[in-house]
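Listed below are the residues making up each chain.
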Amino acid sequence: MSDVEPSLHIASNTEAWWRFFISIKSMPESHHKTNQTQDLWPNRRNFLHLLGLTVLEILSPPWLLQAQQRKRKINNTIMNKQPITLFLCGDVMTGRGIDQILPYPVDPEIYESYVKDARDYIKLAEQLNGAIAKPVDFTYIWGDALAELEQRAPDVRIINLETAVTTSNNYWPKGINYRMHPKNIPCLKAAAIDCCVLANNHVLDWGQAGLEETLATLTKAGIKYAGAGRTLDEAQAPAILTLPGKGRVVVFSFGAESSGIGHNWRAKDDQPGVNLLPDLSHSTVHAIADQVQHVKKTGDIVVASIHWGGNWGYKIDHNQRRFAHALVDAAAIDIVHGHSSHHVKGIEVYKDHPIIYGCGDFLTDYEGISGYEQYRDDLGLMYFPTLDPTSGQLLHFEMTPTRLKHLRVNYASRNEAQWLMDVLNREGKPFNTRVALSEDNRLVLHFSNN
Ligand SMILES: [Zn+2]
């Protein structure tokens with residue numbers, strides 16, 4: 001076809017010019033003030049881009065114009081994708097004391113140095129904060145988180161499930177073993193959890209039989225998982241969450257030995273186990289890049305969920321930071337979801353991609369355990385990053401402060417939220433991130449790119 005008039009294409013650019021002017025006009029005043037360089041540069045780039053396109057179209061032959069028109073159509077399809085909001089949190093440990101308050105607890109016998117009965121963890125929590133009427137229903141443990149999830153309506157809900165889901169008695173001799181009865185799996189359904197990451201230091205607490213029952217129970221419940229499997233291939237495979245009309249979220253789950261995962265838990269071709277990172281080297285990044293390349297399509301958000309580092313302490317290992325940057329630079333990862341620390345750690349935004357180094361605990365039975373009060377591991381965060389699926393870039397990032405009390409998640413008080421704000425601001429300093437506490441007790445992340 002050669003009957004396309006240049007004037008038609010100039011007309012098709014008119015809409016783009018119109019959108020450009022509207023975007024400048026509709027930019028909120030506060031954006032100009034808080035994020036001036038960040039927000040104005042794209043507009044300058046858009047202006048130059050549009051100007052170039054218009055000049056080119058006036059001078060171009062018809063065949064080139066048709067090709068450009070096709071390309072623009074594809075770009076517009078991608079550009080029209082709506083932002084995707086994730087719900088992420090840290091450790092969700094529904095075993096031991098939590099399992100014992102749910103309707104179908106496993107045998108309470110445990111094999112710790114001092115504690116031999118899982119119900120003692122309920123007693124410890126009750127001694128601190130008062131009696132809990134047992135059994136509770138499946139929604140109880142999520143407490144205020146359910147209302148928050150309903151209100152925020154994230155597109156996907158991803159947790160680090162820090163327990164096996166099994167009745168296996170084949171405990172691994174490691175001192176601490178978490179398990180939840182498979183009949184209690186409706187507690188994860190009660191919060192509509194879409195995906196559990198499993199590459200952590202508890203999923204094999206009850207042996208390979210315990211792991212296999214965990215995987216089978218999640219599958220039967222329709223909950224996706226990543227990071228553990230019956231074979232290496234399965235352990236490495238990402239969970240793919242399809243969002244009708246919006247695209248996909250692809251979740252890779254990795255574990256590091258620094259979180260306490262033994263090297264003998266590594267999945268092999270013929271051995272069930274977890275997706276254990278050999279190290280945080282460049283060659284590991286390249287291997288991950290290969291895996292991402294096989295699955296990532298335009299418009300996908302790719303999450304690297306990593307169980308790494310110790311339980312206590314704010315310091316971020318420079319190898320972790322280098323690895324997280326390399327995942328963004330070389331492996332097309334859009335967001336790094338780090339966990340293992342029992343308390344929240346600093347957040348970085350690297351080239352518009354969020355890196356959460358440690359989410360902290362979210363739902364556990366540690367309420368009555370003393371010794372680390374200065375870290376306030378009873379305080380947690382519900383992380384709600386919103387990303388642009390076209391570019392994978394962070395658009396907005398809010399967090400809801402929570403407090404674990406009565407073995408359930410509760411909204412944090414104003415003072416507790418301020419305490420978390422101070423921690424994130426102190427720990428975010430090296431990364432140029434800070435948070436502000438809103439009137440309604442949510443933390444909003446402000447950042448400049450590193
Ligand atoms: Zn852990």
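1. Here's the deal with the overall build of the protein chain
Helices and strands together make up the secondary structure of the protein chain, namely 13 helices and 20 strands. Within the protein chain, the fraction of its 450 residues that count as buried is 44%. Intrachain contacts of the protein chain at a sequence separation of at least 6 include 71% that bridge at least 24 residues.

2. Details of the confidence of the model for the protein chain
Taken as a whole, the protein chain shows an average pLDDT of 87; of its residues, 82% reach a score of 70 or greater. In this model residues 1-16 is a low-confidence stretch, pLDDT under 50, and it forms 19 contacts with partners more than four residues away in sequence or in other chains. This stretch, residues 69-78, has a pLDDT under 50; its non-local contacts, to residues over four places away or in other chains, come to 4 contacts.

3. Description of the sheet that holds strand E9 (residues 247-255)
Strand order in the open sheet made by the 6 strands is E8-E9-E11-E12-E14-E13, with mixed pairing throughout. Edge positions in the open sheet fall to strand E8 (239-243) and strand E13 (347-350), since each of these has one partner strand only. In this sheet, neighbouring strand axes are inclined to one another by 20 degrees on average, regardless of whether the strands run parallel or antiparallel.

4. Description of the environment of threonine 400
Its location among the elements puts threonine 400 in strand E17 (residues 394-405). Distance in space between the C-alpha atoms of threonine 400 and alanine 412 is 8.3 Å, their sequence separation being 12 residues. Setting aside residues no more than four positions away along its own chain, threonine 400 makes contact with Glu148, Leu381, Met382 and Arg442.

5. Considering the packing of helix H11 (residues 282-295) against helix H12 (residues 318-331)
Two quantities define a packed helix pair, namely the angle between the axes and the distance from one axis to the other. Interhelical geometry of H11 versus H12 gives an angle of 40 degrees and a closest axis separation of 9 Å. Comparing their axes, H12 and H11 come out oblique. For the element pair H11 and H12, the recorded crossing hand is right-handed. Every residue of H12 that contacts H11 at His282, Val285, His286, Ile288, Ala289 and Val292 is listed here: Phe323, Ala326, Leu327, Ala330 and Ala331.

6. A word on the nonpolar core
Core analysis: the biggest nonpolar cluster contains 112 residues, and Val251 and Val274 have the highest contact counts within it. Ignoring sequence-local partners within four residues, the contact set of valine 251 consists of Ile158, Cys195, Val197, Ala226, Pro238, Ala239, Leu241, Val303 and Ser305.

7. Brief notes about the pairing of strand E16 (residues 379-387)
Along any regular strand, the residues point their side chains to alternate faces of the sheet. Judged by how many residues are buried, E16 sits mostly within the fold: 8 of 9 residues are covered. Of the pairings in the sheet, the one linking strand E1 (residues 84-92) to E16 comprises 3 bridges and is antiparallel in character. From the neighbouring strand, isoleucine 84 faces E16, where its bridge partner is leucine 387. Where E16 lies against E17, 9 bridges are found, and the strand directions are antiparallel. Its bridge partner lying in E17, leucine 379 is registered against arginine 403. In sequence, E16 turns back onto E17 through a hairpin of 6 residues, with glycine 392 there showing a positive phi of about 75 degrees.

Rules used throughout
- Residues numbered from 1 in each chain as written.
- Predicted model: local features only at pLDDT ≥ 70, side-chain atom pairs only at ≥ 80, totals over all residues.
- Helix = DSSP H or I, 4+ residues; strand = E, 2+ residues; numbered from the N terminus.
- Buried ≥ 20, exposed ≤ 12 C-beta atoms within 10 Å, placed from the backbone.
- Contact = placed C-beta atoms within 7 Å.
- pLDDT = per-residue confidence, 0-100.
- Pairing = 2+ DSSP bridges.
- Axes fitted to C-alpha atoms, helices over the stretch in contact; angles between N-to-C directions.
- Parallel < 35°, antiparallel > 145°, perpendicular 65-115°, else oblique.
- Left-handed = near helix turned anticlockwise from the far one by under 90°.
- Core = buried A, V, L, I, M, F, W, Y, C linked by C-beta atoms within 7 Å.

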